[in-house]
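Listed below, chain by chain, are the residues.
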Amino acid sequence: MKSIIIVLSALLLGTIGTFSQTEIDGKWEGAIDIMGTELFIVVKFTSDNEKLRATIDIPQQGATNLP
């Protein structure tokens, strides 16, 4: 699970400068394939005072609101 969080964090950090805050704010959902198993992921973006924040939910693993 740590590797998933690291990969997602790296992807998120790489996009912070390319999106305006109003374009990315909200709930984003999707799935990734991990060794033949589809893992559903929900990422919620919010911005305040020019800071972008995100939490990740991985329902299949019981993980919610991971920063």
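On a predicted model such as this, the values are computed, not experimentally measured, just so you know.

Undergrad: It is not clear to me how the overall build of the chain should be interpreted in this structure. Could you clarify?
TA: Looking only at helices and strands, one finds two helices and four strands in the chain. Taken from the N to the C terminus, the helices and strands of the chain come in the order α-α-β-β-β-β. Once local pairs closer than 6 in sequence are excluded, the contacts in the chain between residues at least 24 apart make up 24%. When the accessible surface of the chain is summed, it comes to about 4900 Å², and 59% of that surface belongs to carbon and sulfur atoms.

Undergrad: Honestly, the pattern of salt bridges in this entry has me stumped. Any pointers?
TA: This model, assessed by the stated rule, comprises three salt bridges. In this structure, aspartate 57 and lysine 44 form a salt bridge, with 3.0 Å as the shortest nitrogen-oxygen distance. Separated by 13 residues along the polypeptide, aspartate 57 in strand β3 (residues 51–58) and lysine 44 in strand β2 (residues 37–48) bring together distant segments of the chain. Overall, the relative accessible area of 28% leaves lysine 44 in the partly exposed class.

Undergrad: Explain the sheet that holds strand β4 (residues 63–66) to me, please; I cannot follow it from the model alone.
TA: The antiparallel open sheet is built from four strands, whose spatial order is β1-β2-β3-β4. Only two strands of the sheet have a single partner each, and these edge strands are β1 (26–34) and β4. Across the sheet, the mean angle from the axis of one strand to that of its neighbour is 20 degrees, orientation sign disregarded. Of the strand pairs in this sheet, β2 and β3 are connected by seven bridges, and their pairing is antiparallel. Along β3, the bridge assignment pairs threonine 46 with arginine 53.

Rules used throughout
- Once a new chain begins, its residue numbering starts again from 1 and follows that chain's sequence as written.
- With pLDDT at 70 or above as the cut-off, local features in this predicted model cover only qualifying residues; side-chain atom pairs require 80 or more to be listed or tallied, and sums for whole chains, interfaces and linings still use all residues.
- Heavy atoms throughout the structure, all of them, feed into the side-chain values; hydrogens and water do not.
- Only DSSP runs of H or I with at least four residues qualify as helices, and only runs of E with at least two residues qualify as strands; both kinds are numbered from the N terminus onward.
- Any two residues whose heavy atoms approach within 4.5 Å at even a single point are treated as in contact.
- Methods summary: accessible areas were calculated by the Shrake-Rupley approach with a probe of 1.4 Å, and residue burial reflects only the protein chains presented.
- The salt bridge definition used is simple: a Lys or Arg side-chain nitrogen within 4 Å of an Asp or Glu carboxyl oxygen.
- Exposed residues in this analysis have more than 50% of their type's maximum accessible area, buried residues have under 20%, and partly exposed residues fall in between, with area computed by a 1.4 Å probe over protein chains only.
- Pairing between strands is defined by DSSP: at least two bridges between the two strands are required.
- Axes, fitted as lines to C-alpha atoms, cover a helix only where it is in contact. Angles between the N-to-C directions of the axes lie from 0 to 180 degrees.

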